[in-house]
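Geometric and topological summary
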Amino acid sequence: MPATIQLSRDTHVFIGKGTTYWKIPVLDGFSFSQATSTTEVTLNEMQDSSGASNRGRSMFTNALEPAEWSFSTYARPTLESSSHTAVEEVLWAHFFGAKTWNDTTDVWSPAAVSATRTSNMVVTSAQSDLAELGTFDLYFVLGGCAPGATPATYSSANGQTIYKLTGCVVNTAGIDFDIDGITTINWSGFGAEIEQISALDMSGATSRLGYAGSSSTSNFLRNRITSLRLRPDADGDQVFGEAGDLDQDGDSTTGSAGGTTGDDFQTEYHLTLTGGSINFENNITFLTPEELCKVNTPIGHITGTRNISGSFNCYLNDDDTGVTGGRSASFFEDLVNNKTMTRNKFNVQFTIGGASAPNLVVEFPGAHIDIPTHQIEDVISLETGFHALPSNISEADEVTITYTGA
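Remember, predicted model here, so these are calculated numbers, not experimental data. (Residues numbered from 1 in each chain as written. Predicted model: local features only at pLDDT ≥ 70, side-chain atom pairs only at ≥ 80, totals over all residues. Heavy atoms only, no water.)

Some details on the overall build of the protein
- Looking only at helices and strands, the protein features three helices and 28 strands.
- At a minimum sequence separation of 6, the contacts of the protein that also span at least 24 residues come to 70%.
- Carbon and sulfur atoms form 48% of the exposed surface of the protein, whose accessible area is close to 19,100 Å². (Helix = DSSP H or I, 4+ residues; strand = E, 2+ residues; numbered from the N terminus. Contact = heavy atoms within 4.5 Å. Areas by Shrake-Rupley, 256 points an atom, 1.4 Å probe, with all protein chains shown as cover.)

Concerning a nonpolar patch on the surface
- Together, Leu287, Ile299 and Ile302 make up a nonpolar patch on the protein surface, roughly 280 Å² of accessible area in all.
- What makes isoleucine 302 partly exposed here is its relative accessible area of 39%. (Patch = residues over 30% accessible without salt bridge, like charges linked within 9 Å, V, L, I, M, F, W, Y side chains within 5 Å. Salt bridge = Lys/Arg side-chain N within 4 Å of Asp/Glu carboxyl O. Buried < 20%, exposed > 50% of the residue type's maximum accessible area, 1.4 Å probe, protein only.)

Comments concerning the pattern of salt bridges
- Applying the stated criterion across every chain yields a total of nine salt bridges.
- A salt bridge links aspartate 129 to arginine 306; the shortest N-O distance between them is 3.0 Å. Linking aspartate 129 in the loop between strand S11 (121–124) and strand S12 (136–142) with arginine 306 in the loop between strand S22 (300–302) and strand S23 (307–315), this pair joins segments that are 177 residues apart in sequence.
- Take aspartate 129: its relative accessible area is 47%, and that puts it in the partly exposed class.
- Here arginine 306 and glutamate 398 are joined by a salt bridge, their closest N and O atoms 2.9 Å apart. Of this pair, arginine 306 sits in the loop between S22 and S23 while glutamate 398 sits in the loop between strand S27 (381–388) and strand S28 (400–404), and the two are 92 residues apart along the sequence.
- Several salt bridges share partner residues, and in doing so they unite Asp129, Arg306 and Glu398 into one network.

Some thoughts on the packing of aromatic side chains
- A full pass over the atoms with the stated rule returns 28 aromatic pairs.
- Measuring from centroid to centroid gives 6.1 Å for tryptophan 22 and tryptophan 101, while their planes differ by 65°, and the two rings are edge-to-face. Of the two residues, tryptophan 22 is situated in strand S2 (residues 20–23) and tryptophan 101 in strand S9 (residues 100–102); the sequence distance between them amounts to 79 residues.
- A centroid spacing of 6.2 Å and a plane angle of 85° characterise the contact between phenylalanine 95 and phenylalanine 280, whose relative ring orientation is edge-to-face. Remark: phenylalanine 280 occurs in strand S20 (residues 273–281) and phenylalanine 95 occurs in helix H1 (residues 89–95); sequence separation between them is 185 residues. Like phenylalanine 95, the residue phenylalanine 280 is buried in the burial classification.
- Put simply, the rings of Trp92, Phe95, Phe96, Trp187 and Phe280 touch in pairs and so form one group of aromatic residues. (Phe/Tyr/Trp six-rings, centres within 6.5 Å; stacked < 30°, edge-to-face > 60°.)

Points about the nonpolar core
- Core analysis: the biggest nonpolar cluster contains 64 residues, and Phe280, Phe350 and Phe364 have the highest contact counts within it.
- What phenylalanine 364 contacts, discounting residues up to four positions off in sequence, is Ile278, Ile308, Phe346, Asn347, Val348, Phe350, Phe386, Ala388, Glu398 and Val399.
- With nine residues, the next largest nonpolar core counts Tyr21, Tyr139, Val141 and Tyr154 among its residues. (Core = buried A, V, L, I, M, F, W, Y, C linked by side-chain atoms within 4.5 Å.)

Some words on the pairing of strand S24 (residues 346–352)
- With seven of its seven residues buried, S24 lies for the most part within the structure.
- Alternating positions in S24 separate into two faces, Phe346, Val348, Phe350 and Ile352 on one and Asn347, Gln349 and Thr351 on the other, with burial throughout.
- Relative to S24, strand S18 (residues 227–232) runs antiparallel, the two sharing six bridges. Each bridged residue has a counterpart across the sheet, and for serine 227 the counterpart in S24 is threonine 351.
- Where S24 folds back onto strand S25 (residues 359–369) in an antiparallel hairpin, the turn is made up of six residues, including glycine 353, whose phi is positive at roughly 95°. (Pairing = 2+ DSSP bridges.)

A short note on the side chain of serine 328
- Note that serine 328 resides in helix H3 (residues 328–336).
- Take serine 328: its relative accessible area is 3%, and that puts it in the buried class.
- Serine 328 has contacts with Leu271, Cys314, Tyr315, Leu316, Asn317 and Leu382, leaving out every residue within four places of it along the chain.

Observations concerning the environment of glycine 97
- Along the polypeptide, glycine 97 turns up in the loop between H1 and S9.
- Using a relative accessible area of 0% as the deciding quantity, one classes glycine 97 as buried.
- When the C-alpha positions of glycine 97 and alanine 111 are compared, they lie 8.2 Å apart, and in sequence the two are 14 residues distant.
- Setting aside its immediate chain neighbours within four residues, glycine 97 contacts Pro110, Leu130, Leu133 and Gly134.

A few points about the confidence of the model for the protein
- Confidence in the prediction of the protein, expressed as mean pLDDT, is 88, and 90% of residues score 70 or more.
- Across residues 247–262, confidence stays below pLDDT 50; counting only partners more than four residues off in sequence or on other chains, it has 34 contacts. (pLDDT = per-residue confidence, 0-100.)

A short note on the environment of histidine 301
- With respect to the helices and strands, histidine 301 occurs in strand S22.
- In this structure histidine 301 comes out as buried when scored by relative accessible area, which is 6%.
- Distance from histidine 301 to isoleucine 284, taken between C-alpha atoms, is 6.7 Å for residues 17 residues apart in sequence.
- Excluding anything up to four places from it in sequence, histidine 301 contacts Ala131, Glu132, Leu133, Thr135, Val169, Ile284, Thr285 and Phe286.
- In this structure the side chain of histidine 301 is engaged in a polar contact, spanning 2.9 Å, whose partner is the backbone nitrogen of leucine 133. (Polar contact = N/O pair within 3.5 Å; in protein donor to acceptor, adjacent residues only side chain to side chain.)

Topic: unusual backbone geometry
- Following serine 109, the chain continues to proline 110 via a peptide bond in cis, the omega torsion being -10°.
- In this fold, proline 110 is placed in the loop between strand S10 (107–109) and S11.
- Of the consecutive residues alanine 357 and proline 358, the connecting peptide bond is found in the cis state with omega at 0°.
- With respect to the element layout, proline 358 can be found in the loop between S24 and S25.

With respect to the pairing of S27
- Burial analysis of S27 places six of its eight residues in the buried class, the great majority of the element.
- Across seven bridges, S23 lies against S27 in antiparallel orientation. Bridged to cysteine 314 within S27 is leucine 382.
- Of the strand pairs in this sheet, strand S26 (residues 373–375) and S27 are connected by three bridges, and their pairing is antiparallel. Within S27, the position partnered with histidine 374 by the bridge is leucine 382.
- The loop that links S26 with its antiparallel partner S27 comprises five residues.

In structure tokens form, the structure reads like this:
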């Protein structure tokens, strides 16, 4: 067979777990690599009586670093046989701690994704307080969508170059709000090792989730019709947007217009976005021994602090007409006037793709919001950072992600 030059646009990506495979439609710009840890030994001495000086060096390979991978996918809510799912469900499940998948009952354990999917699919961080996350195998099939290639006959003999990353975990996920773009999630993570395999036959495998919605053209989301709602919890009772939140300073001015008296907040704020991002991080570290006379490989991973944060941009707007609550100018004024709360808490809800299905709702029940900063440009705007926090420092309820397919 003649030599084959592989093109990145002919690549298919699959996730394998047991006998189940998920097809992951990725965007251009994917990558995977594995580096080595080395030690250099050098000689550095003065000259001898003849003026000579040894200046040599030697190299030792200590270990293989964990493999690194990254790619981007579109957010794609899907309604399949009266069950709501998403093409990227398997990635969210592993990010939030799922270790096993039951392909008969469609249930993840721990329950990172809801078992009941009749009205929507809910992904939560509630079960993600784990020292070690679930792992999967990641396959990059170069030449996988070339003419004549099929999942039943992927092999080097048929022109495919197949790389398998074993023991993979999801470390980061990021959603960027490009106002004129399609909602995209950027994924990255680690694996134990990269190997090239001769064949990958998925003809007899269960493949429900990965193929559900992957060929649909009606489940993409537009960033331009994303909305943001903020509700304060001023009195710490875990109830957001209640009337009592309007009066924090005890001056009995509950419900005052604009909520600007003392430390008053309005019950909610509606901001029209011009951009922003949401970032999810597991801060994973892989452990690799380093023994003499041996090239070691990673033995496993441990999780670090779960960090969920982001930012959003909007024009400075002081027209509160037609909304319940306030716009961006009122939000800035009320937040900056607050001098008594060292830890503010807001319910932050992004509705991506519009109010009707298909859409994606990302809700942070208790987020700390930084005071917005002014961006002085042709149109004055505000940039605001936020940090998703649990209801208690020992809890794991920072975020709920709800997919509704159409």
